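# Fold and geometry: a report
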Amino acid sequence: MISGHFFSYMSSHVEAEVLLEKVGRAGVITMNRPKVLNALNLNMIRQIYPQLKKWESDSETDFVMIKGTGGKAFCAGGDVRAIAEDGKVGGPLPVVLFKEEYILNNAIGTYKKPYVAIIDGITMGGGVGLSVHGRFRVATEKTLFAMPETAIGLFPDVGGGYFLPRLRGKLGLFLALTGFRLKGRDVQRAGVATHFVESQKIPELEKQLMGMKSASTEDLSRLLDSFQSQSTLDSEKPFVLENHISDIDRLFSSSSVEGIIQNLKADGSDFAKKQAETLARMSPTSLKITFKQIQLGATLSLQDVFVMEYRLSQACMVKNSSDFYEGIRAVLVDKDHSPKWNPSTLEEVSDQSVDQCFDPLGEKDLKF
């Protein structure tokens, strides 16, 4: 006799990791791994991409909406732990996942129909890649945005090299190097989200979105604007970085990461001290790669940024492999938060070793 426990295990075990439905004129993508904060894995990418392409050419579909289940996260990031585990034993995941993820990110960035991301909850790394390149990004007071990759020996990928340098002043470089977290309305104020809607209004917003008879970019824009105008929560609170924007522009204006650190130390304000302390904890190699990535990305097309980032991803897996694997160990596996970076100082990371990470991969380069 098979116990009920077995059945409940089986049913939860086979629950789809991503739900793809057509509701009215909308194609709806729902990330459905709430226990792991909707972390994006290869299986999900392989389901989302072909469906997006189908909807793009389907005359019955006017727009796409993407959201997450569980109430805590939109998507907390890519499944970097799985990449590290597979990469350690020489598996294919580091090659395959980054390639397919960036192809999906690019499809979102070049999508011919409006794309609406409801970023209600934690939105980091891979979750940013699924949202920020789309036409509309709706934040709520529960949104928590960050690109925290320098803390795990990586760099702000998924198109970070494109959207970050296009934020005002040096804000993008600051977010990229420090992994600074933005919450709620500040995600919109920074330029990462296009709209802010209170989370309690999201079910009604979704209902109205899915009930639209025709949904052009203008129609969607009007609807989102109207929900935003009814959302007054935290509107009187200033932008968290309001008093520091000119400091960030000044302190992060330098031709090197070492220069930025010098600026911060010389400044001596509490804010500058705090940023210097944060940067001291990050992988020196990651900081230098990220600095150059943001610098180059400012003048590249979205596609060219993904080609560059794919080269960097492969360099982080192989050439200077220790920092990524060590970062995952320290932050996600042992959780001691005491990574032993190698090299351990910025001075020891040569320009040549950084430049090498950007070298073309020939036949193995990312192609669209």
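This text gives an overview of the structure that appears in the document. (Residues numbered from 1 in each chain as written. Predicted model: local features only at pLDDT ≥ 70, side-chain atom pairs only at ≥ 80, totals over all residues. Heavy atoms only, no water.)

### Some remarks on the sheet that holds strand 1 (residues 18-23)
Taking strand neighbours across the sheet as the criterion, the six strands line up as 1-2-3-5-7-10 in an open arrangement whose pairing is mixed. Because the sheet does not close on itself, it has two edges, and the strands there are strand 1 and strand 10 (195-196). Strands strand 1, strand 2 (26-31), strand 3 (63-68) and strand 5 (115-119) of the sheet are contacted by helix 2 (residues 42-57), whose axis makes an angle of about 15° with strand 1. (Pairing = 2+ DSSP bridges. Helix = DSSP H or I, 4+ residues; strand = E, 2+ residues; numbered from the N terminus. Contact = heavy atoms within 4.5 Å. Axes fitted to C-alpha atoms, helices over the stretch in contact; angles between N-to-C directions.)

### A few points about the sheet that holds strand 4 (residues 73-75)
If you walk across this open sheet you meet the four strands as 4-6-8-9, and the pairing is mixed. The strands lining the two open edges of the sheet, one partner per strand, are strand 4 and strand 9 (182-183). Here strand 6 (residues 122-124) runs beside strand 8 (residues 144-146); their pairing, made up of three bridges, is parallel. Each residue of the ladder has a partner; that of M124, found in strand 8, is A146.

### Looking at helix 10 (residues 217-229)
Side chains three or four residues apart in an α-helix point the same way, a direct result of the helix having 3.6 residues per turn. The end-to-end C-alpha distance of helix 10, which contains 13 residues, comes to 18 Å, matching closely the 18 Å that a straight helix rising 1.5 Å per residue would cover. When we look at burial in helix 10, the residues that qualify are D219, L220, S221, L223, L224 and F227. (Expected span 1.5 Å × (residues − 1). Buried < 20%, exposed > 50% of the residue type's maximum accessible area, 1.4 Å probe, protein only.)

### Quick look at the nonpolar core
L52, L130, F145, L241, F252 and F324 are the most contacted members of the largest nonpolar core, which has 88 residues in total. Considering every element that reaches this core, the biggest residue donor is helix 15 (residues 302-317), with nine residues. If near-sequence neighbours (up to four positions away) are discounted, L241 is found in contact with L171, F174, F180, L182, I248 and F271. (Core = buried A, V, L, I, M, F, W, Y, C linked by side-chain atoms within 4.5 Å.)

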